[in-house]
Amino acid sequence: MRRYIRALTLCTVFAVFSGLYVYSKLVYSDVPVGGNGPKRGFIPPRVPGVRRGAADKTGPRSPHWYNRYIMRQRGQVEAGGGSVQSRPEPPMHLAVVACGERLEETLTMIKSAVLFSIKHLYLHIFAEDQLHASFMEALESWPDFIRSKFNYTVYSISFPSENAAEWKKLFKPCASQRLFLPLILKDIDSIVYVDSDILFLQPVDRLWAFLSQFNSSQLAAMAPEHEEPRIAWYNRFARHPFYGRTGINSGVMLMNMTRMRTMFFKNDMTSVGLRWEELLMPLLQKYKLNITWGDQDLLNIIFHYNPESLLEFPCQWNYRPDHCIYGSNCASAEEDGIYILHGNRGVYHDHKQPAFRAIYEAIRKYSFGADPVTSLLDPLEEELLKTTHTYCGKSHPLFTKRLAHSLTNISRKAPHGR
């Protein structure tokens, strides 16, 4: 009899605790009892006063920066409803570095990126402190229908403290900042880095799509430095290892930074692989007397020893004066037009390559909301006809082929008269 009483007591206790467990699940669940309604994730309230753009002096490791970013990416609770909008598609991330007299040039690059982009953009602008206010003032002055297409953060230039001076003076001021993006933007998976002298003639989305083409070992994508070995620089003059036949140009660089942070890179300094943060300084110390183009040379050395990690995209995605200054030598651009224009050699600001300057000036002067065909494309084509005395000018249809398509698309969507 005593055993039956004990068994009954144990069963009673078990039933009580089971009931409490089921009750607690029902209390803390958003699923109605007996229903099949949708589950709702917890969404923290939006922080009042958070602006679309803000200068970040501390970098993404700051909890304040991280929280601000998260708040901007969360879904929003519909007013008065209680239901939740679908989570927005993750933005495309675009990074640029601006030092010295690069403010206007960088803003023109950003203008071209925002103008043609389809998905939302998040801009990561690394700039000297004296440029921060000017960037923010300019971007905040753009009309609302343009500002709604992007968010941004302005960062201070930062290098590892023990070697900051050496990194900053490498090649051009601040250019080597791009090497440290995977270590600074630790919460970002993938990013497009571009030099300030880049102009998008196609949506950034098309470049972003290369990420889906990466195989399991690839973690970056760049275009070749040259198409024609007979006039290429690396295979004729480099005093260090370089990628492929003619090297790579780092002015447009697509990075899967998650993979870059976790990979062990083969190298010629140790018998074991080194992580990205372990690799950079030893590489600079070994080759600093042999490199000419600074951080681009270091990237060539890295991918010389790790070629399986690089996806090479066509030259139309990084079209430079070298592709036309001695005659047209970019086959992909001849077939489909130029997708991204790279005005290195300072060609936007002198008269040596007037076709490049004409594109830059047309985008710089364009007013948001004006008809893009009559206000940008038509005057540009007239200017390009004046450049046919140069080899690049003779190829002027390549400069407008994709641009015309992009402008026609935004012409259908643009709110006129704003």
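Predicted model, so just to flag it, every value in this text is computed and none were measured. (Residues numbered from 1 in each chain as written. Predicted model: local features only at pLDDT ≥ 70, side-chain atom pairs only at ≥ 80, totals over all residues. Heavy atoms only, no water.)

## Thoughts on the nonpolar core
As a rule of thumb, soluble globular proteins bury nonpolar side chains together. What counts here: For the purposes of this section, nonpolar cores are sets of buried Ala, Val, Leu, Ile, Met, Phe, Trp, Tyr and Cys residues that join through side-chain atoms within 4.5 Å. Relative accessibility decides the category of a residue: with a 1.4 Å probe and only protein chains considered, values under 20% of the type maximum give buried, values over 50% give exposed, and everything between is partly exposed.
Counting 76 residues, the largest nonpolar core has Phe-200, Tyr-319, Leu-341, Ile-359 and Phe-399 as the members making the most contacts within it. Formed by 44 residues, the second largest nonpolar core is a distinct cluster that contains Ile-157, Leu-179, Ile-188 and Ala-220.

## Topic: the side chain of Asp-295
For clarity, the cut-off: In this description a helix means any DSSP run of H or I spanning at least four residues, a strand means any run of E spanning at least two, and both kinds are numbered starting from the N terminus. Here a polar contact is taken to be a pair of N or O atoms separated by no more than 3.5 Å, where protein atoms must pair a possible hydrogen donor with a possible acceptor and residues adjacent in sequence count only if both atoms sit in side chains. Contact definition: two residues touch when any of their heavy atoms are within 4.5 Å.
With respect to the helices and strands, the residue Asp-295 is situated in helix α12 (residues 295–305). Of note is the side chain of Asp-295, whose polar atom sits 2.4 Å from the side chain of Arg-178. If near-sequence neighbours (up to four positions away) are discounted, Asp-295 is found in contact with Leu-170, Phe-171, Ala-175, Ser-176, Arg-178 and Leu-179.

## Digging into helix α15 (residues 372–384)
Note that an α-helix has 3.6 residues per turn; residues three or four places apart therefore point the same way. The test is simple: Residue count minus one, scaled by 1.5 Å, sets the expected span of a helix. Within this analysis, the arc is defined by the directions that extend from the helix axis to the C-beta atoms.
Taking 1.5 Å per residue as the helical rise, α15 with its 13 residues ought to reach 18 Å, and the 17 Å between its terminal C-alpha atoms agrees with that figure. Taken together, the buried positions of α15 are Pro-372, Leu-376, Leu-377, Leu-380 and Leu-384. In a view along the axis of α15, the buried residues occupy a sector of 80 degrees, so they form one face of it. Between the side-chain oxygen at the start of α15 and the backbone nitrogen of Val-373 there is a gap of 3.0 Å, and the oxygen is on Asp-371.

## Comments concerning the state of the cysteines
The term disulfide refers to a covalent linkage connecting the sulfur atoms of a pair of cysteines. Short version of the rule: Defined by distance alone, a disulfide is two cysteine sulfur atoms within 2.5 Å.
Scanning the model with the defined rule gives three disulfides in all. With a sulfur-sulfur separation of 1.9 Å, Cys-99 is cross-linked through a disulfide to Cys-174. Taking the sign of the S-S torsion, -95 degrees for the link of Cys-99 and Cys-174, the bridge is left-handed. Within this pair, whereas Cys-99 is found in the loop between β2 (92–98) and α3 (103–116), its partner Cys-174 is found in the loop between α6 (164–168) and α7 (181–184), the two being separated by 75 residues in sequence.

## What about the packing of aromatic side chains?
Selection rule: Only Phe, Tyr and Trp rings are paired, with Trp represented by its six-membered ring, and only when their centres lie within 6.5 Å; those with planes under 30 degrees apart are stacked, over 60 edge-to-face, the remainder tilted. Whether a charge sits over a ring comes down to the Lys NZ or Arg CZ being within 6 Å of the ring centre and within 35 degrees of the ring normal.
By the definition in use, this model includes 19 aromatic pairs. The interplanar angle of 85 degrees and the centroid separation of 5.5 Å between the aromatic rings of Phe-210 and Trp-317 together place this pair among those described as edge-to-face. Residue Phe-210 is found in the loop between α8 (204–208) and β7 (220–224), and its partner Trp-317 is found in the loop between β9 (310–312) and α13 (331–336); the two are separated by 107 residues along the sequence. With a relative accessible area of 5%, Trp-317 lands in the buried category. Between the NZ or CZ atom of Lys-111 and the centre of the ring of Phe-368, over which it lies, the distance is 5.4 Å. Seen from the ring of Tyr-391, Lys-394 lies directly overhead, with NZ or CZ sitting 5.8 Å from the centre.

## Structural notes on the packing of α3 against helix α14 (residues 354–365)
The relative placement of two packed helices is expressed as an angle between their axes plus a distance between the axes. Note the cut-off: All axes here are fitted lines through C-alpha atoms, helices being fitted over the stretch that makes contact, and every angle between N-to-C directions spans 0 to 180 degrees. Angle categories are assigned with fixed cut-offs, so that under 35 degrees is roughly parallel, over 145 is roughly antiparallel, 65 to 115 is roughly perpendicular, and the rest are oblique. For this classification, Asp, Glu, Lys and Arg are treated as charged, while Ala, Val, Leu, Ile, Met, Phe, Trp, Tyr, Cys and Pro are nonpolar and the rest, including Gly, are polar.
Across the interface, α3 lies against α14 with an axial gap of 9 Å and an inter-helix angle of 80 degrees. On the basis of the axis angle, α3 is roughly perpendicular to α14. On the side of α3, the interface is formed by Glu-104, Glu-105, Thr-108, Lys-111 and Ser-112, while α14 contributes Tyr-360, Ile-363, Arg-364 and Lys-365. Looking at the contact of α3 with α14 residue by residue, the class counts come to two nonpolar, two polar and five charged.

## A closer look at the pairing of β7
Quick reminder of the rule: A pair of strands is treated as paired once DSSP finds two or more bridges between them.
For β7, the tally of buried residues reaches five of five residues, placing the bulk of the element in the interior. The sheet contact formed by β7 and strand β8 (residues 248–256) spans four bridges and is antiparallel. By the bridge assignment, Pro-224 is partnered in β8 with Ile-248. Relative to β9, β7 runs parallel, the two being bridged by three bridges. Paired with Met-222 across the bridge in β9 is Glu-312.

## Considerations on the confidence of the model for the protein
The test is simple: The pLDDT value tells you how sure the predictor is about a given residue, anywhere from 0 up to 100.
On average, the protein scores 83 in pLDDT, and the residues at 70 or more come to 78%. This model gives residues 25–52 a pLDDT under 50, and the stretch forms 30 contacts once residues within four places in sequence are excluded. In the model, residues 57–84 has pLDDT below 50 throughout and makes 58 contacts with residues more than four positions away in sequence or in other chains.

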